[in-house]
Amino acid sequence: MQASRARLFKEYKEVQREKSADPDIQLVCDDSNIFKWTALIKGPSETPYEGGVFQLAFSVPEQYPLQPPQVRFLTKIFHPNVHFKTGEICLDILKNAWSPAWTLQSVCRAIIALMAHPEPDSPLNCDSGNLLRSGDVRGFQSMAKMYTRLAAMPKKG
């Protein structure tokens, strides 16, 4: 547990130092618990998520970095690799392809890359996956844009 705390404090210091280095990711540690983090990530450009800001919740295990953090979307998102109700993310690096070389910041980058390049063959959201697998890219994009507008964009007025 001490090693995981030390690693998380190191990551916290790096995040503080490099706040302006990655404007698409804002990673914040819970004030009272180093094992709880949240992130705000910007939807990638030229995707249906562009213009949206999505909140992620990180729950970091005491065995970190030997075990991956649990990460889920708090913001609703229409994406084949994200469970619509729970926000669970299907991403290999959060499961069997985890390496201690990954940081919370690099996990955020990987999630942004997944947003831009969905994997419809292993869907957690079958409706979204089926649209892409059947070739209805327009239908998928229209649903994803609608949910981005509803859940991930600031309300005007």
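Values in this document were obtained by computation on a predicted structure and should not be read as measured data.

Scoring rules and cut-offs
- Residues numbered from 1 in each chain as written.
- Predicted model: local features only at pLDDT ≥ 70, side-chain atom pairs only at ≥ 80, totals over all residues.
- Heavy atoms only, no water.
- Buried < 20%, exposed > 50% of the residue type's maximum accessible area, 1.4 Å probe, protein only.
- Helix = DSSP H or I, 4+ residues; strand = E, 2+ residues; numbered from the N terminus.
- Pairing = 2+ DSSP bridges.
- Salt bridge = Lys/Arg side-chain N within 4 Å of Asp/Glu carboxyl O.
- Axes fitted to C-alpha atoms, helices over the stretch in contact; angles between N-to-C directions.
- Core = buried A, V, L, I, M, F, W, Y, C linked by side-chain atoms within 4.5 Å.

> Honestly, the pairing of strand β1 (residues 25-29) in this entry has me stumped. Any pointers?
In the case of a regular strand, side chains alternate between the two sheet surfaces. Only one face of β1 is covered, namely the face carrying Ile25, Leu27 and Cys29; the face carrying Gln26 and Val28 is uncovered. Sheet topology note: the β1/strand β2 (residues 36-42) ladder contains five bridges and is antiparallel. The residue of β2 that forms the bridge with glutamine 26 is leucine 40. Joining the antiparallel neighbours β1 and β2 is a turn of six residues.

> Honestly, the pattern of salt bridges in this entry has me stumped. Any pointers?
Any two side chains of opposite charge can pair, so long as their charged atoms come close to each other. For the coordinates displayed, the defined rule picks out two salt bridges. Between glutamate 11 and arginine 7 there is a salt bridge, with the nearest N and O atoms lying 2.8 Å from each other. Of this pair, glutamate 11 and arginine 7 both sit in helix α1 (residues 2-17), four residues apart, which is roughly one turn of the helix. Note that arginine 109 is salt-bridged to aspartate 22, the shortest N-O span being 3.1 Å. Of this pair, arginine 109 sits in helix α2 (residues 104-116) while aspartate 22 sits in the loop between α1 and β1, placing them 87 residues apart in sequence.

> Could you clarify how one ought to interpret the sheet that holds strand β3 (residues 53-59) in this entry?
Through backbone hydrogen bonds, the strands of a sheet pair up, either in parallel or in antiparallel fashion. Read from one edge of the open sheet, four strands run β1-β2-β3-β4, paired in antiparallel fashion. Of all the strands in the sheet, the pair left with one neighbour each is β1 and β4 (70-73). Taken over all neighbouring pairs, the strand axes of this sheet differ in orientation by 20° on average, direction set aside. As paired strands, β3 and β4 are joined by four bridges and run antiparallel to one another.

> Quick question: what am I supposed to make of the nonpolar core here?
Generally speaking, nonpolar side chains in soluble globular proteins are found buried as a group. Formed by 38 residues in total, the largest nonpolar core has its most connected members in Trp37, Ile41, Leu56, Phe58, Phe73, Ile89 and Ile111. Elements with a minimum of two residues in this core: α1, β1, β2, β3, β4, α2 and α4 (137-152). No other element matches α2, which puts eight residues into this core.

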